[in-house]
Amino acid sequence: MTDALTISDLTKTYANGVQALKGVELRVREGDFFALLGPNGAGKSTTIGIISSLIRKTAGSVKVFDYDIDTDIEAAKSCIGLVPQEFNFNQFEPVIEIVANQAGYYGIGRNTAYQRAEKYLKQLGLWGKRRDMARELSGGMKRRLMIARALVHEPRMLILDEPTAGVDIEIRRSMWSFLREVNRAGTTIILTTHYLEEAENLCRHIAIINDGVTVESTEMKSLLMRLNVETFVLNLNKAITELPPSPGYQLSLIDETTLEVTISKEQSMNDLFRCLSDYGIDVISMRNKTNRLEELFVRLVEQGAL
Amino acid sequence: MKLQQQWIAFHTIVTKEVMRFVRIWVQTVLPAAITMSLYFVIFGHLIGSQLAPIQGYNYIDYIVPGIILMAIINNSYANVVSSFFSSKFQRHIEEMLISPMPNYLILLGYVGGGLMRGLVVGVAVTIVAGLFAHLHMHNPLVIVVVVILTSVLFALGGLINAIYAKTFDDISIIPTFVLTPLTYLGGIFYSVHMLPPFWQHVSLVNPILYMINAMRYGMLGISDIDYRLALLIVIGFVVALYLFALYLLRKGTGIRY
């Protein structure tokens, strides 16, 4: 399978001397749904800026579907659709013109441009707003407008830089479902986000950048497998005042009906439930205390390794 | 990009630019027509009627070519400087920068927009001029060439100004402190021969002097300077500014980091 993106030893030093990237390595396979994570200032947006040619690299190589951005920049750009972090459309332009004009910049004729604008604006629930000035849209609509604009030339790779920032949960979930459809249709997707639940739900591969270097790049599943312990919150059917004996489990009482338990990979939940049941305690519901990926992410960023 | 795709991309930018100034025509086209009609009333009619003819023409007829060209200069420049700077400021220039369009197409698209506004305003001011003065057309081909070259030149100037500009103040400094004085001192309202010899020589370094005289030749058949030399000088400026603007876009000055 072709690589959608290959980045080798990418460095960037800005004019003010700030070294944003110190040797980023990335490989994204065609058709993948790929998470690019990192704390604020880690170098994610700089990396995306370089891929999309908005930022000039200092050294290293970037290939998009085997097109080197140093030698085949036009071909490389044709393969990319970008949804940036900040709103970057003309606030005083009608929605449909923003999308259709973007198609025009890629050499797509006016009729096709309007047909595709209609298709994507409808899919993203913005068709009713097509004649409105972009500034009149809500925050969530503006984000969806940028997705429609990025898709109008039907790129092979879609890069989304925090596409759901500030978007309510309902719209976020509808965007997830839309992006899954886009990915299923064959478009490679690279996603940066601070919502780690989002990355865990959507992405198959993940890379974590910290302080300008890639600290991890692997399959989502294998990364999550590395989590040795997980903490769960259990809601109980009756109030208890003291912890029931449960050999080997770390239990703590949050309140009379809520128990927190830390379980290692070697331990079984069934055994725990049996122990609780022996004392007449039933578990009504349970949830992870924190997102699994979040726990790993914090460890990787803070400690540099698991 | 293939040639046909390049044409579509160029056409998209020009159409977008035209729609922009047409949408706000009260701010972009109307003011020029009103301001220039004031020039005709005050300088041409009220004061000009008291003055002797210049090189065989009534004063109001004499100033028509310069006034039309002044409107074209100001509007071609203003269109590109404000549009390009605004696209930098709102960051929607990135829509073009991430596309496969070569830099020269972005440049030509914006210049095309500036040219269109220059032409629309030029026609509007010419219609206004026709209400006050007798319009002469000595050599229509020269008029067309001068109008297009001048508009392109100042559209390029506006683009370069916008590329360097970091604040809204930066886009008003050049028009206020450079463009307006050069336009007024370029011989719109007088013949350069009316100046003392020293100032006649100083005036020769003002590029706008050549454009106004070439325009005056096209309309009235009179000029302080050989119109062919004037056209050559304007073409030289157009080529120089085009190459410089292209260099700045390739280098990414003010737009890529």
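Residues numbered from 1 in each chain as written. Chains lettered and ligands numbered in written order. Predicted model: local features only at pLDDT ≥ 70, side-chain atom pairs only at ≥ 80, totals over all residues.

(A) Examining the overall build of chain B more closely. When helices and strands are tallied, chain B shows 11 helices and zero strands. Taken from N to C terminus, the helices and strands of chain B fall in the order α-α-α-α-α-α-α-α-α-α-α. Over its C-alpha atoms chain B spans a radius of gyration of 19 Å, differing by no more than 12% from the 18 Å that the globule rule assigns to 257 residues. If one aligns the C-alpha atoms of chain B with their principal axes, the spans along those axes are about 60 × 35 × 35 Å. Each of the 257 residues in chain B was classed as buried or not, and the buried ones make up 48%. (Helix = DSSP H or I, 4+ residues; strand = E, 2+ residues; numbered from the N terminus. Rg over C-alpha atoms; globule rule 2.2 N^0.38 Å. Buried ≥ 20, exposed ≤ 12 C-beta atoms within 10 Å, placed from the backbone.)

(B) Highlighting the interface of chain A and chain B. Chain A puts 25 residues into the contact, and the matching count from chain B is 22 residues. When residues of the side of chain A that touches chain B are traced back to their parent elements, those giving at least two are helix H2 (73-78), strand E6 (80-83) and helix H3 (95-105) of chain A. Sorting elements by how many residues they give to the side of chain A that touches chain B places H3 of chain A first, with four residues. (Contact = placed C-beta atoms within 7 Å.)

(C) Region of the structure containing the environment of Trp127 of chain A. All names here are of chain A. With respect to the helices, strands and loops of the structure, Trp127 is situated in the loop between helix H4 (110-123) and helix H5 (139-151). The exposure class of Trp127 is partly exposed, given the 16 C-beta atoms found within 10 Å. Taking the C-alpha atoms as reference points, Trp127 and Ile96, separated by 31 residues in sequence, lie 8.3 Å from one another. Aside from chain neighbours lying at most four places away, what touches Trp127 is Glu118, Leu121 and Lys122.

(D) Summary view of the nonpolar core. Ile67 and Leu159 of chain B are the most contacted members of the largest nonpolar core, which has 154 residues in total. It is helix H4 (residues 59-89) of chain B that contributes the most residues to this core, 18 residues altogether. When sequence neighbours within four positions are dropped, the list of residues in contact with Leu159 of chain B reads Val80, Phe84, Leu107, Tyr110, Val111 and Ala245 of chain B. One finds Leu234, Leu259, Val261 and Leu272 of chain A within the second-largest nonpolar core, a separate group that totals five residues. (Core = buried A, V, L, I, M, F, W, Y, C linked by C-beta atoms within 7 Å.)

(E) Expanded view of the sheet that holds strand E12 (residues 250-255) of chain A. Residue and element names in this part refer to chain A. The strand order across the open sheet formed by four strands is E12-E13-E11-E14, and the pairing between neighbours is antiparallel. Of all the strands in the sheet, just E12 and strand E14 (283-288) have a single pairing partner and so form its edges. Ignoring strand direction, the axes of neighbouring strands in this sheet form an average angle of 25°. Alignment of strand E11 (residues 229-236) against E14, held across five bridges, turns out to be antiparallel. Note that in E14 the partner of Val233 across the bridge is Arg287. (Pairing = 2+ DSSP bridges. Axes fitted to C-alpha atoms, helices over the stretch in contact; angles between N-to-C directions.)

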